[in-house]
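Fold and contact review
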Amino acid sequence: MLFRFICFTCFLLPALSFAQPKTVFHKDTLKIAGTSVGVRFSHMKAPLMLPGKKYEIIDLGSDGAPGKTVTVYLENDSIQIRNDNFPYEEKHFFPLQLAGKNYKLRLRFNNVTASFPSAYIRENRGRALVEVPETFELANILLMLSPPAKKMGGMVDTGQYHDEVMAYFKPFLGHPVFKALDVREAEYSNHYYEFRDNSICYEFKGDQLMPTQYFLVYGSDDSTYSNAFRSNVGLIADFARQSNFRAFYQSHLPYYRQLIAQQAEWSDVAGMQRWLGKQFSQRGFDTSKLIFSPIINSRHSTQQFGASDEHGKSFHEMVLFVNGPNLYNAKSDLNEQQRRGVMAGIIFTEVDHNYVNPRTDSFRAQIDSIFGNRDFWAPVSKTSFYSKPAYIFNEYMTHALFSLYAIDTFDASTAKFLIARREALNVEGRGFAKFREFNAALMKIKKENPDTAVSDLYPKVIDWCRSFATR
C-alpha cells in the first residue's frame, strides 16, 4: 500500500511565545468508492470507519500530543499527518468523495493545557502533593507589592514573613514590572488569577524562566494561552534577577517546609475525595497538588488536568491554590480542632467544585431561570466576579456542602462552629445574601434522605430554590 506523510514544520516549544491555532485546507480530493473512510489517530489500535452522513462535514478529533499522528486510509493509499502545532489546536480539512458524493473531512488535534511525561505519571499517581513552588511564591510577592494590592485585598498584610518580604524587596519597587501589574479595579480579579495561577507554567533554569508541563491554568484566551503571567514573563525574570529573588526564596526554604508539613497534616484531600466520591458517584483524581503561599489571605481557586500514560491509561490531576496554615496559627481565639476545620473548609470548597460544577451542568436551564434573579441571591455589587447564574448556584452549593462534610467529619461542637462561620463568611463577607436559608435547606433535605447521594438530591434542592425565590 502506498503511504504519504504530510508534515508542517512549526517551531513552538519550549518557548510557547507566539503560537496560534492552525487550520490547513488541503486541495487534493480524497476519493473512495465505498461509503466510509478509515481514520486512525496513533493512540488507537485500529482505524475508525467514518460513514458518509446527511451532514456535509465528517469529523474526528483527538487531544494533541508530541509526535502524535493521524492516518487517513484510502483504497490503495494512505495519508498521515503529524501534530506539529502542539500544544495548540490544529485542524485539517480535506475534500472527500465517498461513493461519488462530496463531503469535507475535518481532522482535529485538540489543544491541551498540560502534557505529563510518563515518568511524572508513574511517580505521582496516587499521591497527595503539597508545595510552595518557587515561581508561585514570586508571583504572590509581586502581587502583594503591586499598586492595586492594598485597595483590593486578598493578601496577608501583617506578620514576620510579610515584613521580611516588604523590607527585602523595597529597593526594587520602581521596577517596570509593577507598571504592568497596575491594572484597573474592574480588571483586577481576572488579572490576579491569570498572573498568580499561571506562574506554575514556568520554572527557573538559572536566571531564565522556562515552560513546565503546564501550558495554561487560567486565561483570557484559551486558544492562544494568553494570560497576565505569560505576557510579562520577561519583566518577571528581570525582576527576579535584579532583586536576587532566588536567594530570598532559598533562605526561606526552612519556613516553607515547616508550613508544608503542617498543611499536609491538616489537609485530608484524599479523605475529602472519598467523601465526595460517595456523594457524587464519581471517581477521585489520580493526583492532587495543593499549592499555597504564606501571603495569600483569600482568593482560592482550582483547576484539573488530564492525560494518559504510555499504556493509554487515563491520568487526572487536581490542582488547588489556597492560603497557608500560618493564617490560622496566630489566631488565639481558635482551638486546634477549629484551626484544622477552618483550613479544611478552605480546601474542601475548592476540591468540591470539581464534583459540583459538572453535576450543575445537568440542570443548567432550571438553575439559570432561578438564579437569574441576581439581586435576590447575590447582589452584583459584591459578587461581580461570578457572572453567570450557574456560577452563583455553584458557590452556594460548594459552601453548603462543606456543612454536610463538617457534620460527618468533626465533633458536634466543632461542626456547629464551622457551619456558623461558613454562613457568616458567605452572607456578611461574600455577599451571598440567602446562604443561611440555602444551607439550612440542604442540611434538612440530606437529613430527610440520609442514604441518597447529594448528586441525586439536586432536583429537591432546585425545587426548594424555586419555591423559596417566589415566596
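As the structure is a computational prediction, the values presented were derived from the model and not from experiment. (Residues numbered from 1 in each chain as written. Predicted model: local features only at pLDDT ≥ 70, side-chain atom pairs only at ≥ 80, totals over all residues. Heavy atoms only, no water.)

Let's talk about the overall build of the protein
The number of helices and strands found in the protein is 21 helices and 16 strands. Taking 2.2 N^0.38 as the reference for a compact globule, 471 residues should give roughly 23 Å; the C-alpha atoms of the protein span a radius of gyration of 25 Å, in line with that estimate. A separation of at least 24 residues holds for 74% of the contacts in the protein among residues at least 6 apart in sequence. Accessible area of the protein: about 21,800 Å², with a carbon and sulfur share of 51%. In the protein, which carries 55 positive and 49 negative side-chain charges, the distance between the mean positions of the two groups comes to 4 Å. (Helix = DSSP H or I, 4+ residues; strand = E, 2+ residues; numbered from the N terminus. Rg over C-alpha atoms; globule rule 2.2 N^0.38 Å. Contact = heavy atoms within 4.5 Å. Areas by Shrake-Rupley, 256 points an atom, 1.4 Å probe, with all protein chains shown as cover. Lys, Arg positive; Asp, Glu negative; His and termini not counted. Charge placed at Lys NZ, Arg CZ, Asp CG, Glu CD.)

Digging into the packing of helix H2 (residues 134-145) against helix H4 (residues 160-169)
For the pair H2 and H4, interaxial distance at closest approach is 11 Å and the crossing angle is 80°. As summarised for this structure, H2 and H4 are arranged roughly perpendicular, according to the angle between their axes. Residues Glu-137, Ile-141, Met-144 and Leu-145 of H2 lie in contact with H4, whose contacting residues are Tyr-161, His-162, Val-165, Met-166 and Phe-169. (Axes fitted to C-alpha atoms, helices over the stretch in contact; angles between N-to-C directions. Parallel < 35°, antiparallel > 145°, perpendicular 65-115°, else oblique.)

A short note on the sheet that holds strand E14 (residues 287-293)
Spatially, 4 strands are ordered E11-E14-E16-E15 in an open sheet, and the strand pairing comes out mixed. Edge positions in the sheet fall to strand E11 (128-131) and strand E15 (301-308), since each has one partner strand and no second. Strand-to-strand twist of the sheet, defined as the mean angle between neighbouring strand axes without regard to direction, takes the value 20°. Here E11 runs beside E14; their pairing, made up of 4 bridges, is parallel. Residue Leu-129 lies in a different strand from E14, and its bridge partner there is Lys-289. Here helix H13 (residues 336-351) sits on the sheet and contacts E14, E15 and strand E16 (314-323); the angle it forms with E16, its principal contact strand, is near 140°. (Pairing = 2+ DSSP bridges.)

Structural notes on the pairing of strand E8 (residues 78-82)
Of all 5 residues in E8, 4 are buried, a share of seventy percent or more. Inspection of the sheet shows strand E7 (residues 69-73) paired to E8 by 5 bridges, in the antiparallel sense. Among the inter-strand pairings, Tyr-73 is bridged to a residue of E8, identified as Ser-78. Connecting E7 to the antiparallel partner E8 that follows it, the hairpin turn spans 4 residues. (Buried < 20%, exposed > 50% of the residue type's maximum accessible area, 1.4 Å probe, protein only.)

Describing the environment of Thr-35
Looking at where Thr-35 falls in the secondary structure, it is placed in the loop between strand E3 (30-32) and strand E4 (36-41). Take Thr-35: its relative accessible area is 55%, and that puts it in the exposed class. Distance in space between the C-alpha atoms of Thr-35 and Gly-271 is 52 Å, their sequence separation being 236 residues. In this structure Thr-35 touches Leu-50, Pro-51, Gly-52, Leu-98 and Ala-99, once residues within four positions along its chain are discounted.

Brief notes about the packing of aromatic side chains
Counted under the stated rule, the structure contains 52 aromatic pairs. The residue whose ring lies beneath Arg-359 is Tyr-458, and the NZ or CZ to ring-centre distance is 5.7 Å. (Phe/Tyr/Trp six-rings, centres within 6.5 Å; stacked < 30°, edge-to-face > 60°. Lys NZ or Arg CZ within 6 Å of the ring centre and 35° of its normal.)

Digging into the pattern of salt bridges
Counted under the stated rule, the structure contains 23 salt bridges. A salt bridge links Arg-196 to Asp-197; its shortest N-O distance comes to 2.7 Å. For Arg-196, a relative accessible area of 0% corresponds to the buried category. By relative accessible area, Asp-197 is classed as buried at 3%. Counted as one network, the salt bridges with shared partners bring together Arg-125, Arg-283, Asp-286 and Asp-309. (Salt bridge = Lys/Arg side-chain N within 4 Å of Asp/Glu carboxyl O.)

Some points on unusual backbone geometry
The amide bond that connects Phe-86 to the next residue, Pro-87, takes the cis arrangement and shows omega of 5°. Note on placement: Pro-87 falls in the loop between E8 and strand E9 (90-98). Although it is not a glycine, Asn-244 adopts a positive phi angle of roughly 55°. A relative accessible area of 43% means that Asn-244 is categorised as partly exposed. Positive phi, normally seen in glycine, also occurs at Ser-281, with a value near 50°. Checked against the element boundaries, Ser-281 lands in the loop between helix H11 (269-280) and E14.

Section: the environment of Thr-113
Tracing the chain through its elements places Thr-113 in the loop between strand E10 (101-110) and helix H1 (118-124). Counting along the chain gives 154 residues from Thr-113 to Ser-267, while the straight-line C-alpha distance between them is 26 Å. Ignoring any residue separated from it by four or fewer positions in sequence, one finds Thr-113 in contact with Gln-213, Tyr-214, Phe-215, Leu-216, Tyr-225 and Phe-305.

Some words on the confidence of the model for the protein
Of the residues in the protein, 96% have a pLDDT of 70 or more, and the chain-wide mean is 92. Low pLDDT (under 50) marks residues 1-15, which in the prediction has 43 contacts with non-local residues, meaning those over four places away or in another chain. (pLDDT = per-residue confidence, 0-100.)

Digging into the side chain of Ser-455
Topologically, Ser-455 is positioned in the loop between helix H20 (435-448) and helix H21 (458-469). Residues in contact with Ser-455, not counting those within four places in the same chain, are Gln-279, Phe-280 and Arg-359.

Description of helix H10 (residues 253-266)
Compared with the 20 Å implied by 1.5 Å per residue over 14 residues, the 20 Å span of H10 between its first and last C-alpha is a close match. Looking only at H10, the buried set comprises Leu-253, Tyr-256, Leu-259, Gln-262, Gln-263 and Trp-266. (Expected span 1.5 Å × (residues − 1).)

Here's the deal with the side chain of His-92
Within the secondary structure layout, His-92 lies in strand E9. A distance of 2.8 Å separates polar atoms of two side chains, one belonging to His-92 and the other to His-26. Reaching out from His-92, the side chain makes a polar contact with the side chain of Glu-90 at a distance of 2.8 Å. (Polar contact = N/O pair within 3.5 Å; in protein donor to acceptor, adjacent residues only side chain to side chain.)

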